[in-house]
Amino acid sequence: SDVPLECYPCSDFINLVVKRLDIGKKNAREWCTVCPSPESDQKTASFPSFSESFFLGRCMESTPLKRKTVELSTTVHGSVLRHSILKGISAQIVSAADKVDAGLPTAVVTTSPIVLGSTVRCLMGNAFFFSPSDLNQALRLCLGSTATGAEYGAVSALSINHDCTRLLCGFAKGHITMWDLANGKLLRTITDAHPPGTAILHVKFTDDPTLAVCNDSGGSVFELAFRRLMGMRTCESRCLFSGSKGEVCNVEPLFTAPDLKDHPITQYSLLAMASLTKILVIGLKPSLKVWMTFPYGKTDPTSVPQLAWQFVPVQKVVNPVLAFCRGDTVHFLLVKKDETGTIHVIKQRQLQLNCDIISLNVSWINSRTLVVMDSGEKLRVVDRPSQEELESLDVAEVQLVYNSSHFKSLATGGNVSQALALVGEKACYQSVCSYAGQMVLLGTKSAHILTLRNWRERVDCLLKQERFVEALSLAWSFHEGTAKAVLGLFGDPAKRKGVVADKMIEILFQYVERSVKKCPEHGKIQVMEQHFQDMVPVMVDYCLQLQRTDLLFNQLYTRLVENCVARGVFLESLEPYIVSERLGCVTAPVMRDLLTHLQDNNMMDSVENCLIHLDITSLDIQQVVQMCWDNQLYDAMIYVFNRGMNDYITPMEVVMGNKLLVYISCSLAGRAYPLGDIPEDLVSQVKNQVFEFLIRLHSAEAGQEEELYPYIRTLVHFHTPEFLNVLALTLEDFKNDKQALEYQQRIVDILLKVMVENSDFTPSQVGSLFTFLARQLAKPDNTLFVNRKLFDQVLEFLCSPDDDSRHTERQQVLLELLQVGGVVQFDEGRLLGLAEKAEFYQICEFLYEQKHLYDKILDCYLRDPLRKEEIFNYIHNLLSMPGYSSEEKHCVWDKALLHIAELVTLDPAKSADLVAMHFPEEVRPIITRLQDDHLVFQFLRCLLDQREGPHPQPLLRLSPDLHELHIGLLCRFTPRQLPDFLKASQDYRLEEAVQITEQYQVHEATSYLLEKKGDSHGAFQVLGETEREEESPLQRVEGSLGDIIALCHRSSQSLNQEQRGVCVLWFPLLEAMMSPQKLLKGPDTRTTSEVLKELTMKVLNSMSSFIPLPAIIQRILQDPVYGKGKLAEIQGLILGMLETFNYEQTLLETTTSLLNHDLHWSLSHLRAAVSRGLHPRQDHCNICLQQYRRRQDSPDDIIIFSCGHLYHCQCLQRKGSGHAEPRLLQVWSCYKCISSQRGRGGDRVTTETGRGRSTSLAQVSQ
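Residue indices follow the written sequence of each chain, beginning from 1 at its first position. Given that this is a predicted model, residues contribute local features only at a pLDDT of at least 70 and side-chain atom pairs are listed and counted only at 80 or more, while totals for whole chains, interfaces and linings are drawn from all residues. Think of the side-chain values as coming from all heavy atoms in the structure, minus any hydrogens and water.

### Points about helix 26 (residues 807-819)
An α-helix turns once per 3.6 residues; consequently, residues spaced three or four apart project the same way.
Phase 1: Each helix is a run of H or I in the DSSP string that is no shorter than four residues. Each strand is a run of E no shorter than two, and both are numbered from the N terminus. In this analysis, the expected span of each helix is defined as 1.5 Å times one less than the number of residues it contains. Taking 1.5 Å of rise per residue, the 13 residues of helix 26 would be expected to cover 18 Å, and the 18 Å separating its terminal C-alpha atoms lies within 8% of that figure.
Phase 2: Summary of the burial criterion: residues with accessible area below 20% of their type's maximum are buried, those above 50% are exposed, and those between are partly exposed, where the area comes from a 1.4 Å probe applied to protein chains only. Along helix 26, the residues classified as buried are Glu809, Arg810, Gln811, Val813, Leu814, Leu815, Leu817 and Leu818.
Phase 3: Positive backbone phi, at 110°, marks Gly821, one or two positions downstream of helix 26.

### As for the layout of surface pockets
Phase 1: Here the term cavity refers to a set of points on a 1 Å grid, laid over the protein atoms alone, in which a 1.4 Å probe fits but cannot get out; the term pocket refers to an open set having protein on both sides within 12 Å along at least five of seven lines, with lining residues being those that place an atom within 4 Å of a point. Grid points are joined across faces, edges and corners, and a volume is the space filled by probe spheres set on the points. What the largest pocket holds in volume is close to 1200 Å³.
Phase 2: Lining the largest pocket are 45 residues, with Glu252, Phe255, Trp309, Ser434 and Tyr435 sitting closest to its centre.
Phase 3: Only strand 2 (105-110), strand 6 (155-160), strand 10 (200-205), strand 14 (248-253), strand 18 (306-314), strand 23 (361-364) and strand 27 (432-435) provide two or more residues apiece to the lining of the largest pocket.
Phase 4: In the lining of the largest pocket, the residues fall into 25 nonpolar, 17 polar and three charged. All residues other than Ala, Val, Leu, Ile, Met, Phe, Trp, Tyr, Cys, Pro, Asp, Glu, Lys and Arg, Gly among them, are scored as polar; the first ten of these are nonpolar and the last four charged.

### Observations concerning the confidence of the model for the protein chain
Phase 1: The predictor attaches a confidence to each residue, called pLDDT, with possible values from 0 through 100. Per-residue confidence for the protein chain gives a mean pLDDT of 77; residues scoring 70 or more make up 77%.
Phase 2: No element of the protein chain has a lower mean pLDDT than helix 2 (residues 50-58), which averages 36, and none a higher one than strand 11 (residues 211-216), which averages 94.
Phase 3: Scored below 50 in pLDDT, residues 1242-1262 makes 70 contacts in the model with residues more than four places away or belonging to other chains. We call two residues contacting when some pair of their heavy atoms lies within 4.5 Å.

### Digging into the packing of helix 25 (residues 788-798) against helix 26
Phase 1: Helix axes are fitted to C-alpha atoms over the stretch in contact, other axes to C-alpha atoms as well, and angles between N-to-C directions run from 0 to 180 degrees. Two elements in contact, helix 25 and helix 26, have axes whose closest approach is 10 Å; the angle formed by their N-to-C orientations is 150°. As far as their axial angle goes, helix 26 and helix 25 are roughly antiparallel. Relative to helix 26, the crossing made by helix 25 is left-handed. Judged by residue contacts, Phe791, Leu795 and Leu798 of helix 25 engage Arg810, Val813, Leu814 and Leu817 from helix 26. Geometric relationships in this document are graded by angle, where less than 35 degrees denotes roughly parallel, more than 145 denotes roughly antiparallel, 65 to 115 denotes roughly perpendicular, and other angles denote oblique. Crossing handedness is read from the near helix: turned anticlockwise from the far helix by less than a right angle, it gives a left-handed crossing, and turned clockwise, a right-handed one.

### With respect to the sheet that holds strand 6
Phase 1: We call two strands paired when DSSP finds no fewer than two bridges between them. Strands sit in the order 6-7-8-9 across an open sheet of four strands; the sheet is antiparallel. The open sheet has two edge strands with one neighbour each: strand 6 and strand 9 (185-190). The average undirected angle you get between the axes of adjacent strands in this sheet is 20°.
Phase 2: As defined by bridge partners, strand 7 (residues 166-171) adjoins strand 8 (residues 176-180) across five bridges and the pair is classed as antiparallel. Note that in strand 8 the partner of Leu168 across the bridge is Met178.

### Quick word on the environment of Tyr435
Phase 1: With respect to the secondary-structure elements, Tyr435 resides in strand 27.
Phase 2: Separated by 325 residues in the primary sequence, Tyr435 and Thr110 have C-alpha atoms spaced 6.7 Å apart.

### Some remarks on the side chain of Asn215
Phase 1: Note on placement: Asn215 falls in strand 11.
Phase 2: Here a polar contact means two N or O atoms within 3.5 Å. Within protein one must be a hydrogen donor candidate and the other an acceptor candidate, and residues neighboring in sequence count only if both atoms are side-chain atoms. From its side chain, Asn215 meets the backbone oxygen of Val248 in a polar contact 3.1 Å long.

### A word on the pairing of strand 24 (residues 369-373)
Phase 1: The buried count for strand 24 comes to five of five residues, which makes it a mostly enclosed element.
Phase 2: Here strand 24 folds back onto strand 25 (residues 378-383) in antiparallel fashion, the turn holding four residues, of which Glu377 has a positive phi close to 60°.

### Topic: helix 7 (residues 455-464)
Phase 1: Among all positions in helix 7, only Trp455, Arg458, Val459, Cys461, Leu462 and Leu463 are buried.
Phase 2: Each element contacted by the buried residues of helix 7 is listed here: helix 8 (468-480) and helix 9 (493-517).
Phase 3: In this structure Asn454 caps helix 7, since a side-chain oxygen of it lies 3.2 Å from the backbone nitrogen of Arg456.
Phase 4: Of the residues one or two after helix 7, Glu466 is the one with positive phi, at around 60°.

### Here we look at the sheet that holds strand 27
Phase 1: Spatially, the four strands line up as an open sheet ordered 1-29-28-27, and their pairing is antiparallel. Of all strands in the sheet, those with a lone pairing partner are strand 1 (81-85) and strand 27, marking the two edges. Going from strand to strand, the sheet's axes swing by 20° on average, the running direction of each strand aside.
Phase 2: In terms of strand pairing, strand 28 (residues 438-442) meets strand 29 (residues 447-452) through five bridges, oriented antiparallel. In the strand pairing of strand 29, Leu441 is matched with His448.
Phase 3: Helix-sheet contacts for helix 3 (residues 87-99) involve strand 1, strand 28 and strand 29, and the interaxial angle to strand 29 is about 160°.

Okay, structure coming up:
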């Protein structure tokens, strides 16, 4: 937290970090590598790499800024549809129902006029084309009467032909009438066009005025052909689709606009039909033909199929597209005619909507826009190409009229299918219609119309709601041509952009005026700032998008200056646009206000960010330079000097630290600092000026005490590796520039003079210089010259044995120097001698490796305290990897064997791994070399211990005598681990192992070996001696007793009952536990006596599993302790034994009962299955195919299998499906099942006639 900001030369570097990375100065400590922490030495401070330094100098282009520009990618569509109520027609609906008893509205159709149908008669309103408010909407005709309504039922369908001269009316009782709209005359009454008793669901004209189609509630579709012969009007009906093949509930003929009358598809009179399972597209002309069928797939049975045609331009060709849906997915079918005259129906990309179910209506507003109504009575405007929902409008208040009664055919008795009636619950085909970009909705008491708004109306609609940001976004989408459902923009793109731009400027003025007027006059300053921060960036962004900076600075800024808060927010908002170079030139007054505002608010980092991105011609040079000097804005000062004065030297005299290194690197590479490039005509001049600056003898204001070459000295002291990296880059860039090469040679000479003759530099700094020189001298195209004697001086300096400080650093520097090619500059013999004296073992290793003396490298590892552990990997890699000769490997092998004692002392485990892999035959000589017994013990333990894994095994299998040697060492050093080793290993000899354990008195191990040998009695005696020796603590007696009981258990399992009765193990153990109790007398021994009795009970419980209970009781009674006393003394022992017996007896009885119950349950279920009757699948034999009752030439014996197949016994015998078992039972197999299972590799299905139950059950009838 206490970073020394005034330290030299890191203060500017810390300011650079703070400024570029937007972190506090407290957090800049980790970037300040020049000033070390208090506990570290300043001379060993680490520095950032040149790549990091270069990033800091040029990170201006990617630095995150406080204020961000406005995102213009937000999609805004505004209000797309205009919803209006047809007040005149709505009033007529209510009036007709009340005054003339016309009934409720049931259907609507529109082309030029709007025609409404009711439960009694038809109403026709006035024609309208644009805004319904401009029309009278007066009632023109009233067709029909109450008598007609009573006879025909309610109007269920309406259709008007193209020239608006004829009207077709379908009725709920199945009648169809045709009216003349000019005079209201009834022209035709059709009663026989379809089966009686069904309601008319749809009746529609086609493009041909003499041809129409109708769809009834029976699901059938009929063609109606109108004729006039001899003055008589007739109608001929033809069935196009019968409802018995699938009920059709929607039909839609293709209507063609007048300008598309010559389209090649129109001659076929296309008709789309939607049934409950599929879509059909048929052609009525020249002959009836089905062009395509498309099934829905799985859909909701309550959803209503929808159809809608529209001519759509696809790849510059206009063709009809059919939109259809049933559910939540809209499908599109493109119909086109190719050059050969063939008609193709092509499926297009489907539209998946996020609403629950599309169940009401699909309508085209234009060739790109669909309006979909869902089951919640919400209209969704969708753009088909992008499949984007533009608007959602709730029309529940319309109280839409549904056609459910007609689909259920209530007027004719309800004789419809259940599926059609279910669909009719949500059907409103006759309540929603569209024509010429307009949609009419019929409600129970009103009529509504929806039309597309033009682009101005959509923008103004947002402005009325004071949603200025959304209005600007929507207008910008019109400007760029990305808006959807656009209406009212005409002309070429440039003209359209001009019109929209004028509208956007108007919006900007309104936005600024509204923001200034509605600014809160009182309250916190943060509230006022937030108010303008929401507005100003939007205003600036759109002015820049429209390229109207004159409007921004001359008019809008003048309006904002009146408010001081708005002025400050505006000036601060310019920074991100200047930094991103979207705003390169600012007027002089605004620039002056900007610099003054930022300086007054101590935002000097923002000042610098803006200055280095602005056009230099818009800046007051004198003002900017003075500000940079006063506030140490070095980046801005460099930019002004470079761009404004073409001065590249003055900045280097005042800038230090990493920034100077980056600046020098950029200048020599032809790049401007902090961004951009130096003009091409100045690149050579700048490069020469930089070199001249570096090699100056003295600075401009040099004192008497100033040393020679102050600039090079300062840079080398600051960061030697990075300064040398800059020189290395220049050597790569100017290989063919003779003058640059001369400068570089001069700089190298100065560096040698300054650093070699001066003791102020650390070994790392001097080593970095000579590493750099060695790297350059090793290149084939090197042009530098360096005196070889200087390398010798550096060698003596680095290998000085009198200097113990920085030993590791000096060795590392010399190693790097050798690795880059510096070895050619030294005498190798002298170098090796100096390295050995200085104990530079890595240097020795490097030289030995050059000479292929790999065995001597082992001495280097052993003598180097920091790398001793690495010797094992080195030996293993050299002996295992290819690339080394056999002689070299043998030398290393001998050397490793010679130093094996040191290796084992260093790490026994790694030594054992090395021996097992490379010295398996030298184990005995190695053990001989290891004179220390403990060292031998560690070595053998690592060799013989079981390694972890799925199959544990020792590292190396050794001879038995070595195992026995290890057993003896285990007895000496870790006797507790001996039993585990004996159990894991099997390679020792039992007799010798027993002798060794007896010698060292490891009784537990001896007992295990005797037991393993088969001498259980001997093992018991050994453990008994152990127990007698451990008399003092009862806890240890308990532990030993557990081992003895386990031994007796293992030994008793191998004896028969007679041998157990005279067992020599259990009774001596019992005697050993009972005998000490004879000596316990007095009250002080009561606790010990109780413990011994508990242990005795433990022995009795364990031996009762192997020794008969009478024998145990007899032995207890013979004991003087229990036999001569009263019954109370042995009562506890006997009761305990009896309780154990009772528990085991109860457990046995319970287990037996459960087993008997399970056996009874299994047998009862098996018997029920065997006695179950079989039901044959057929009444004939599956082989001869004759009924078994009608077969006269053979007995009536039949066989029925549980699979249901029936056969004659003789038929099965002829097929070989029966065979005799050794028990003289006939076994039958189902011929049919066996034949099928053989193909699948299944088992045979057989049965035994004598048993009645097997894999497949059969019964034989005699």
